[in-house]
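# Chains, contacts and geometry: an overview
The lines below spell out each chain.
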Amino acid sequence: MRLSCTVNGVAREADGVWEGESLLHVLRERLGLPGSKNACEQGECGSCSVYLDGELVCACLVMAGQAEGRDIVTVEGLAGDDALHPVQEAFVEAGAVQCGFCTPGLIVATHDLLRRNAAPTDPEIREALAGNLCRCTGYEKILDAVRMAAKAR
Ligand code: FES
Ligand code: FES
């Protein structure tokens, strides 16, 4: 089937999409957007987090057909033309990136948190990021990055 949707503000089409294919697969393998990571493919790790019509979702759990005609924003779409988004900057500044596999999902989830809650408490940060797993950092530097991004807003 042909999938037509808007990704990061641009109308995109993908041909030959099969019924069982995930939105994550379409983004990474057909549309050239590898920012969203495929770690568990089971909705457990949050590495594939994107916005679908403004709602935070795991792209690995969204069937490609469900994205027809809809608006998707990936981690690539958060940055400006020549500058990182402040949340992305904060993750770099705080040293919250080690292998980086969890980072795109954490950045999108942090972006979502801060647009809902500009000054989250530590428990609110932990709750908002509970669905994003990191196997490297021990989470402290990730918390620092979120606090830093909140201050920068
Ligand atoms: S790859 Fe989608 S939640 Fe882990
Ligand atoms: S930095 Fe490696 S999984 Fe988080």
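What you see is a predicted model, and the numbers here were worked out from it, not measured in a lab. (Residues numbered from 1 in each chain as written. Chains lettered and ligands numbered in written order. Predicted model: local features only at pLDDT ≥ 70, side-chain atom pairs only at ≥ 80, totals over all residues. Heavy atoms only, no water.)

### Comments concerning the packing of helix α2 (residues 86-93) against helix α3 (residues 103-116)
Axis separation between α2 and α3 bottoms out at 9 Å; the angle between their running directions is 125°. Here α2 lies oblique to α3, going by the angle between them. Between α2 and α3 lies a crossing of right-handed hand. On α3, the residues touching V87, Q88 and F91 of α2 are T103, L106, I107, T110, H111 and L114. Taken together, the residues that form the contact of α2 with α3 break down as 5 nonpolar, 4 polar and no charged. (Axes fitted to C-alpha atoms, helices over the stretch in contact; angles between N-to-C directions. Helix = DSSP H or I, 4+ residues; strand = E, 2+ residues; numbered from the N terminus. Parallel < 35°, antiparallel > 145°, perpendicular 65-115°, else oblique. Left-handed = near helix turned anticlockwise from the far one by under 90°. Contact = heavy atoms within 4.5 Å. Nonpolar A, V, L, I, M, F, W, Y, C, P; charged D, E, K, R; others polar.)

### Details of the nonpolar core
Formed by 24 residues in total, the largest nonpolar core has its most connected members in F91, L129 and I142. Looking at this core, the elements with two or more residues in it are α2, α3 and α5 (140-152). Apart from residues no more than four positions distant in its own chain, F91 is found in contact with A96, V97, T103, L106, I107, T110, I142 and A145. Judged by nonpolar contacts, the second largest core, of 21 residues, contains C5, A14, C48 and V57. (Core = buried A, V, L, I, M, F, W, Y, C linked by side-chain atoms within 4.5 Å. Buried < 20%, exposed > 50% of the residue type's maximum accessible area, 1.4 Å probe, protein only.)

### Considering the sheet that holds strand β4 (residues 55-58)
The 5 strands lie next to each other as β2-β1-β5-β3-β4, forming an open sheet whose pairing is mixed. On the outer flanks of this sheet lie β2 (10-14) and β4, each paired with one strand and no other. Each adjacent strand pair in this sheet contributes to an overall mean axis angle of 40°, direction not counted. The pairing of strand β3 (residues 49-52) with β4 spans 4 bridges and is classified as antiparallel. Bridged to S49 within β4 is C58. Against the sheet, α3 engages β3 and β4, with an angle of about 45° to β3. (Pairing = 2+ DSSP bridges.)

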